[in-house]
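Remarks on the overall topology
Residue strings, one per chain:
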Amino acid sequence: MADMDVSQSQISNEMANLDVKTRLGANEGKPQFVLKTPKGTRDYNPKQMAIREKVFNTIINSFKRHGAETIDTPVFELKETLTGKYGEDSKLIYDLKDQGGELLSMRYDLTVPFARYLAMNKITNIKRYHIAKVYRRDNPAMTRGRYREFYQCDFDVAGQYDAMIPDAECLKIIHEILSELQLGEFLIKVNDRRILDGMFEVCGVPADKFRTICSTVDKMDKMAWVDVKNEMVAEKGLAPEAADKIGEYVQLNGNSELIDRLLEDDKLSANKVALEGLKDMKQLFVYLKLFGVEEKIVFDLSLARGLDYYTGVIYEAVLVQTQADRETKQNDSSESVGVGSVAGGGRYDDLVGMFDPKGRKVPCVGFSVGIERIFSIMEQIVEASDQKVRTTETQVFVATAQKHLLEERMKLLAELWRSGIKAEIMYKKNPKLLNQLQYCEEAGIPLVAIIGEQELKDGVVKLRVVSTRDEINVARANLTEEIAKRTCQS
């Protein structure tokens with residue numbers, strides 16, 4: 001029996017050693033790593049980064065056009081700063097391991113850190129944008145642009161201003177960005193937390209259930225009304241008759257005419273909170289018409305936005321049909337990116353006061369652009385259209401057809417760099433001209449500056465247009481100006 005045990009033990013040891021050798025591979029003793037990105041994250045190759053940079057530039061240019069300045073905050077905050085600000089989504093916050101000091105969490109969004117920044121620095125007026133990464137312990141859906149680490153692009157106006165003026169500008173900026181990116185047809189849904197709260201009150205929802213019922217209403221874009229009602233009644237403990245009354249309202253959507261109808265609703269207009277919200281919503285639509293964006297705005301009573309800190313107008317931009325959908329419509333095998341919401345935000349007048357020692361409030365309104373979802377669509381549009389994406393901004397490539405001219409190439413390269421021209425050479429002493437020209441075609445470099453013994457003697461550079469293969473001699477003194485003119489850059 002003992003022999004049997006020894007034998008079994010030896011077999012187990014041999015199996016363990018074999019497993020180690022298998023994992024180590026041929027280089028015994030050298031560890032092998034699992035080469036993958038963590039769940040809910042991704043790498044970006046140069047082509048993807050070029051598309052991404054174009055999207056960022058469009059968004060930043062719009063923010064700057066509207067007079068915004070930028071800030072930055074730490075990627076992690078004190079845990080107490082983030083706790084209790086996100087309602088049911090608080091469970092998605094990443095807590096950092098206690099290192100024997102402060103209890104910290106990764107930032108969930110850029111809004112709460114912004115409110116902390118305002119309170120800490122006693123700032124009462126600012127129009128700011130902030131582009132940075134945030135972290136959520138969510139179930140990732142990579143094809144839908146849903147990640148655990150992702151960028152947010154936020155725009156916010158803080159300060160005491162007349163009702164709905166900055167709110168209207170926020171909606172105008174969202175309209176501007178989505179129009180310029182040409183993602184496809186979109187709508188911007190708007191509602192008001194005061195209208196929702198007033199509606200809940202007249203429908204018989206207990207005050208302590210407002211926020212949890214609000215979170216359920218927010219699921220109406222993903223669930224049928226019957227399922228939403230079931231969650232309210234079965235899971236949240238709401239009376240069925242109250243849920244039915246809510247259903248009569250939250251299935252309504254329209255424009256300024258719907259606002260007028262609700263203002264004539266005896267129950268809703270008799271509620272002070274709802275009436276304030278409806279009057280402001282009416283004013284908002286007046287400003288949206290002046291900004292020329294009213295046709296893309298829908299007043300939707302089902303829009304709730306689950307975050308606890310919203311106090312007034314709320315909004316969400318959704319794609320109706322993406323450009324990528326249209327590009328790939330005829331190809332049944334292609335999988336389009338189903339994205340839904342691509343931007344959202346609202347008014348949060350009480351959040352800064354939560355951090356201020358004296359409870360001083362700084363009214364705020366703003367929004368966040370869902371950059372990862374937009375990027376997923378842009379990437380698909382490029383793939384569907386087979387368009388070439390340049391990954392560099394090189395304007396000219398310095399080349400030669402003759403040997404022993406590396407020093408001359410480097411001298412010309414230095415001249416171009418000093419003049420602000422984006423230029424490069426091949427890192428070989430005597431490269432073949434064909435290889436240099438092929439590199440330019442593959443990289444999308446528009447011009448080649450070719451020098452040889454004769455060009456150096458004549459004080460000229462042969463400038464070749466890669467796309468047409470046309471060549472002209474340009475005086476060396478005029479080369480920078482000619483390159484700038486031909487590449488539309490100064």
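Here we summarise the structure given alongside this text. Just so you know, these numbers come straight off a predicted model, no measurement behind them. (Residues numbered from 1 in each chain as written. Predicted model: local features only at pLDDT ≥ 70, side-chain atom pairs only at ≥ 80, totals over all residues. Heavy atoms only, no water.)

Here we look at the layout of surface pockets
Gaps left between atoms are located by rolling a probe of water-molecule size over the structure's atoms. In this structure, the largest pocket spans a volume of roughly 1300 Å³. Around the largest pocket, the lining comprises 50 residues; the ones closest to its centre are Asp89, Arg136, Arg146, Glu316 and Arg373. Mapped onto the lining of the largest pocket, the elements with two or more residues apiece are β5 (149-158), β9 (313-322), β10 (341-347), β11 (364-369) and α15 (371-385). The element contributing the most residues to the lining of the largest pocket is β10, with six residues. Broken down by class, the residue content of the lining of the largest pocket amounts to 17 nonpolar, 14 polar and 19 charged. By volume, the second largest pocket amounts to about 310 Å³. In terms of lining residues, the second largest pocket is bounded by 15 residues, among which Lys54, Leu181, Met378, Val382 and Gln387 are the most central. Of all the secondary-structure elements, those providing two or more residues to the lining of the second largest pocket are α2 (46-65), α5 (165-181) and α15. It is α2 that provides the largest number of residues to the lining of the second largest pocket, a total of four residues. Per-class residue counts for the lining of the second largest pocket are seven nonpolar, four polar and four charged. (1 Å grid on protein atoms, 1.4 Å probe; cavity = no way out; pocket = protein on both sides within 12 Å on 5 of 7 lines; lining within 4 Å. Points joined across faces, edges and corners; volume = space filled by probe spheres on them. Helix = DSSP H or I, 4+ residues; strand = E, 2+ residues; numbered from the N terminus. Nonpolar A, V, L, I, M, F, W, Y, C, P; charged D, E, K, R; others polar.)

Considerations on the sheet that holds strand β14 (residues 447-451)
If you trace the five strands from one edge of the open sheet to the other, you get β13-β12-β14-β15-β16, paired in mixed fashion. Since the sheet does not close on itself, it has two edges, and those belong to β13 (423-424) and β16 (471-475), each with one partner. In this fold helix α19 (residues 479-486) packs onto β12 (396-400), β14, β15 (460-465) and β16, with an angle of close to 10° to the strand it touches most, β15. (Pairing = 2+ DSSP bridges. Contact = heavy atoms within 4.5 Å. Axes fitted to C-alpha atoms, helices over the stretch in contact; angles between N-to-C directions.)

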